[in-house]
Amino acid sequence: MLDFFTIFSKGGIVLWCFQGAGVTESFTGPVNALIRSVILQERSGNNSYTHEALSLKYKLDNEFELIFVVGFQKILTLTYVDKFIDDIQLHFRDRYKNELEQKGALKLIQNNFEFDDDFKMLLREAEESSKARNHATMRTFKESEKSQKTVKSMIETKGGEKVKEPGGKKNKNTKKESPAAEPVKVDQGKASSSGPKVVENGNQGLTPEEIIQKKREEFILKRTMVPAAKPIHSKSPKPQKPKEKQMRVWDMGGSNTKELDYSGRNGDGSQNGDQNQEAHIDLGMQLSSMKGDLLSVDYESSEEEEMEVEEEEKVVISETSKTSSKKGGGFGGMFGMLKGLVGSKSLTRDDMESVLEKMREHLIAKNVAADISSQLCDSVAKKLEGKVMGTFTTVASTVKQALQDSLVQILQPKRRVDILRDVMEAQSQRRPFVITFCGVNGVGKSTNLAKISFWLIENGFTVLIAACDTFRAGAVEQLRTHQRRLNSLHPPQQHGGRPVVQLYEKGYGKDAAGIAMEAIAYARNQAFDVVLVDTAGRMQDNAPLMTALAKLIAVNMPDLVLFVGEALVGNEAVDQLVKFNQALADHSMSDKPRLIDGIVLTKFDTIDDKVGAAISMTYITGQPIVFVGTGQTYNDLRSLNARAVVSALMKA
């Protein structure tokens, strides 16, 4: 039933392994995929992983730094695997405890772990217990409910609605009345129906004439009292109505609408001239150079924040000392405080629960998606469970440091991200390097495309912008404005009379995939270095537009597919990225579909320290954040600094 079972250390040394009968393929591929995709990326909150046709379950032993992995076909439903892997861990620890306590990889290699007999015994017991538990005997006819029914009752139930209705009424009335009164109530249902109404209205013991007279008096009283009582009991009197919102008067707004018309003027108040005036304005705005690699996003923690962290840790220490003093008196309080500080025992889930709950709430407050916050905290708990604490360290500081290390590991790129080098490699192959931008509406795709264009121009590359947003009004004009401004910053005279940025557009209402294909062919013929493909914004639930995006990527096969997302989103980031990736996979024509390769995080300057969207997006896709937009000008483009973002995220 099991394909393989292996026990190895976190350093990569295989201590023992088992391979099922008839299994010829090696288990190194699935285990390496588990290490690469789950353990190294701090995604160990869930103890299962699927690799092709295999389902893998694993367990971490943090005390001895071991990993237990079992693999079986995913079409099988093996209910005993979870308990079985726990039993294997306990037996292996108990049998080889002395060998495992020896530090050093060389000593682990020298030891011989003979575990075959124990493994087969435990496997046999687990399979037998699952068979005994799952086997359920069928009930006999006498034990069934049908055997208790008589022939007469079965005929009555088949008689139709007429037989069922009196039975139903009889059952309802038996709760209130005695059995002797049942036939009377069934026959005189209409006559007795007015009884409850009289009781409800509070007219017990009155004749019908007295009730009518009472109703008339109440009606006359209401007619005479309405005019006097209306202003007193009015819920919203006219004088208390809230005032309507008044128009705001701006100090510099002016009084004449003609003064506010700037369509015929430039920013300095002069009339429209040639484009040289605009060039001077842009040159004044863009002063710093962006040659070479981008600057990283920095965040400096102040001394006040460090003091706050120290105070938090002191609070945790005092809380532990209070609880221990309640249990053990005066001396118990002192020793309990020392026990909370000194590494005397291994951590359990109960020790970390309160700290993890605070960390989870802190991450959600920092804009991390709720599901991902829970998964991160579960992963940290599994990473620390059973681990012996260091000397003079608190549970809070240990958990916080482990969470911080996990977040840094998540944000670190899993592959090389060097666009300048990739562009030069494409240059050597005499082809353009193609980047496609996609995302939802209004996140800043066109603006950040222009920033990336400026960065590439500063590094000596020529850029062709493909206007494939044929849906939004003004999209082509926006790109044309960026093209004109970028060429004014880098005049063609400085580059041999050739514009460094050109726009390839075919207007509106055309097929975006066809325009991108023509733009790439044009860039190849005209020797452009980079093609930046701008696509229309689309919501992740819009199936026709998602199909069109998948077609554009599948047909043109760009070198890089960048998802542009706001730093303002929380839980929505998860839904966007999951559905974008799912749509690209569903509508692709190949067995290995092109998914999102990287992320552009925009509006990063508007969120202060609520940087949780970066964690959510990277955790969902496993892809790096390539660019970070930090402002409105062409210079406001940065690369991600993982440690700076994590320090902002962990800020109290």
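Residues numbered from 1 in each chain as written. Predicted model: local features only at pLDDT ≥ 70, side-chain atom pairs only at ≥ 80, totals over all residues. Heavy atoms only, no water.

**Remarks on helix 1 (residues 28-39)**
And step 1. Taken together, the buried positions of helix 1 are occupied by Pro30, Val31, Ala33, Leu34, Val38 and Ile39. Looking straight down helix 1, one finds its buried side chains confined to an arc of 160°; they lie on one side.
And step 2. On its buried face, helix 1 sits against strand 1 (2-9), strand 3 (48-51), strand 4 (54-61) and strand 5 (66-73). (Buried < 20%, exposed > 50% of the residue type's maximum accessible area, 1.4 Å probe, protein only. Helix = DSSP H or I, 4+ residues; strand = E, 2+ residues; numbered from the N terminus. Arc of directions from axis to C-beta. Contact = heavy atoms within 4.5 Å.)

**Focus: the nonpolar core**
And step 1. Counting residues in hydrophobic clusters, the biggest one holds 115 residues, and the most contacted among them are Trp455 and Phe627.
And step 2. Taken domain by domain, this core gets at least three of its residues from each of domain 2 (303-411) and domain 3 (419-640).
And step 3. With residues up to four places along the chain from it excluded, the contact list for Phe627 reads Leu294, Ile419, Ile452, Trp455, Leu562, Ile599, Val600, Leu601, Leu637 and Arg638. (Core = buried A, V, L, I, M, F, W, Y, C linked by side-chain atoms within 4.5 Å. Domains from an automatic or database assignment.)

**Remarks on unusual backbone geometry**
And step 1. Despite not being glycine, Glu52 shows a phi value in the positive range, around 55°.
And step 2. At Asn367, a residue that is not glycine, the phi angle is positive and equals roughly 85°.
And step 3. Within the fold, Asn367 resides in the loop between helix 13 (349-365) and helix 14 (370-384).
And step 4. Judged by relative accessible area, Asn367 falls into the buried class, the value being 18%.

**Digging into the UniProt feature "domain: SRP54-type proteins GTP-binding" (unreviewed entry) in the protein**
And step 1. Residues annotated by UniProt as "domain: SRP54-type proteins GTP-binding" (unreviewed entry) correspond here to residues 624-637.
And step 2. With 0% helix and 43% strand, residues 624-637 has end C-alpha atoms that lie 16 Å from one another. (UniProt positions renumbered as here; feature names shortened; annotations may be inferred.)

**Here we look at the environment of Arg431**
And step 1. Looking at the element boundaries, Arg431 is found in the loop between helix 16 (419-428) and strand 6 (433-438).
And step 2. A distance of 3.1 Å separates the side chain of Arg431 from the side chain of Asp559, its partner in a polar contact. (Polar contact = N/O pair within 3.5 Å; in protein donor to acceptor, adjacent residues only side chain to side chain.)

**Regarding the pairing of strand 11 (residues 598-602)**
And step 1. By the criterion of burial, strand 11 is predominantly enclosed, with 5 of the 5 residues buried.
And step 2. With burial as the criterion, each face of strand 11 is covered, one bearing Gly598, Val600 and Thr602 and the other bearing Ile599 and Leu601.
And step 3. Assessed by its sense of winding, the connection that carries the chain from strand 10 (residues 560-566) through helix 21 (residues 571-586) to strand 11 is right-handed.
And step 4. With respect to chirality, the unit in which strand 11 leads through helix 22 (residues 612-621) into the neighbouring parallel strand 12 (residues 625-629) is right-handed. (Right-handed = clockwise from strand over helix to strand, strands pointing away.)

**As for the sheet that holds strand 9 (residues 530-535)**
And step 1. Spatially, the 8 strands line up as an open sheet ordered 8-7-9-6-10-11-12-13, and their pairing is mixed. Single-partner strands in this sheet number two, and they are strand 8 (501-504) and strand 13 (637-638).
And step 2. Pairing between strand 7 (residues 463-468) and strand 8: 4 bridges, direction parallel. Residue Val463 lies in a different strand from strand 8, and its bridge partner there is Val501. (Pairing = 2+ DSSP bridges.)

**Here's the deal with the pairing of strand 12**
And step 1. Of all 5 residues in strand 12, 5 are buried; the element is thus mostly enclosed.
And step 2. Relative to strand 12, strand 11 runs parallel, the two sharing 3 bridges. Across the sheet, the residue bridging to Val600 is Phe627, located in strand 12.
And step 3. Here strand 12 pairs with strand 13 via 2 bridges, running antiparallel. When the sheet's bridge partners are listed, Val628 is paired in strand 13 with Arg638.

**Things to note about the side chain of Asp469**
And step 1. Turning to its location among the elements, Asp469 is positioned in the loop between strand 7 and helix 18 (475-489).
And step 2. Residue class for Asp469 comes out buried when judged on its relative accessible area of 4%.
And step 3. Beyond its immediate chain neighbours, meaning those up to four positions away, Asp469 contacts Ala475, Val476, Tyr508, Asp534, Thr535 and Ala536.

**Description of helix 15 (residues 395-411)**
And step 1. Its 17 residues place the ends of helix 15 25 Å apart at the C-alpha level, agreeing with the 24 Å of an ideal helix rising 1.5 Å per residue.
And step 2. Burial runs high along helix 15: 13 of the 17 residues are buried. (Expected span 1.5 Å × (residues − 1).)

**Brief notes about the confidence of the model for the protein**
And step 1. Looking at the protein as a whole, its pLDDT mean stands at 77, while 73% of the residues score no less than 70.
And step 2. Segment residues 161-200 is flagged for pLDDT under 50; beyond a separation of four residues in sequence, or across chains, it makes 9 contacts in the model.
And step 3. This model gives residues 313-332 a pLDDT under 50, and the stretch forms 14 contacts once residues within four places in sequence are excluded. (pLDDT = per-residue confidence, 0-100.)

**Section: the side chain of Thr436**
And step 1. Locating Thr436 in the fold gives a position in strand 6.
And step 2. In this structure Thr436 comes out as buried when scored by relative accessible area, which is 1%.
And step 3. For Thr436, the residues in contact, after removing those within four places along its chain, are Val533, Thr535, Leu552, Pro558, Leu560, Val561 and Leu562.

**Some remarks on the pattern of salt bridges**
And step 1. The full count for this structure, using the stated rule, is 19 salt bridges.
And step 2. Here Arg93 ties to Asp61 by a salt bridge, and the two come within 2.9 Å at their closest N and O atoms. A residue pair is termed long-range when its members are at least 10 positions apart, and Arg93 in helix 2 (residues 81-95) and Asp61 in strand 4 qualify at 32 residues. Across this residue pair, the class does not change: Arg93 and Asp61 are buried.
And step 3. A single salt-bridge network, built from bridges that share partners, covers Arg349, Glu353, Glu357, Arg360 and Asp378. (Salt bridge = Lys/Arg side-chain N within 4 Å of Asp/Glu carboxyl O.)

**With respect to the layout of surface pockets**
And step 1. When its volume is computed, the second largest pocket comes out at roughly 410 Å³.
And step 2. Around the second largest pocket sit 20 residues that line it, and Lys59, Leu60, Gln89, Lys382 and Glu385 are the ones nearest its centre.
And step 3. Residue assignment for the lining of the second largest pocket shows that the elements contributing at least two residues are strand 4 and helix 2.
And step 4. Looking at the lining of the second largest pocket residue by residue, the class counts come to 4 nonpolar, 6 polar and 10 charged.
And step 5. In terms of domain composition, the lining of the second largest pocket takes at least three residues from each of domain 1 (4-129) and domain 2 (303-411). (1 Å grid on protein atoms, 1.4 Å probe; cavity = no way out; pocket = protein on both sides within 12 Å on 5 of 7 lines; lining within 4 Å. Points joined across faces, edges and corners; volume = space filled by probe spheres on them. Nonpolar A, V, L, I, M, F, W, Y, C, P; charged D, E, K, R; others polar.)

**A few points about a nonpolar patch on the surface**
And step 1. Taken together, the side chains of Met517, Val555 and Met589 define a hydrophobic patch exposed on the protein surface, amounting to about 310 Å² of accessible area.
And step 2. By secondary structure assignment, the location of Val555 is in helix 20 (residues 543-556).
And step 3. You can call Val555 partly exposed: its relative accessible area is 34%. (Patch = residues over 30% accessible without salt bridge, like charges linked within 9 Å, V, L, I, M, F, W, Y side chains within 5 Å. Areas by Shrake-Rupley, 256 points an atom, 1.4 Å probe, with all protein chains shown as cover.)

**Examining the sheet that holds strand 2 (residues 14-19)**
And step 1. Spatially, the 5 strands line up as an open sheet ordered 2-1-5-4-3, and their pairing is antiparallel. In the strand order of this sheet, the two ends are held by strand 2 and strand 3, each with one partner. Looking at each pair of strands side by side, their axes are set apart by 15° on average, direction ignored.
And step 2. Both strand 1 and strand 2 contribute to a ladder of 5 bridges, which runs antiparallel. Among the inter-strand pairings, Phe5 is bridged to a residue of strand 2, identified as Phe18. (Axes fitted to C-alpha atoms, helices over the stretch in contact; angles between N-to-C directions.)

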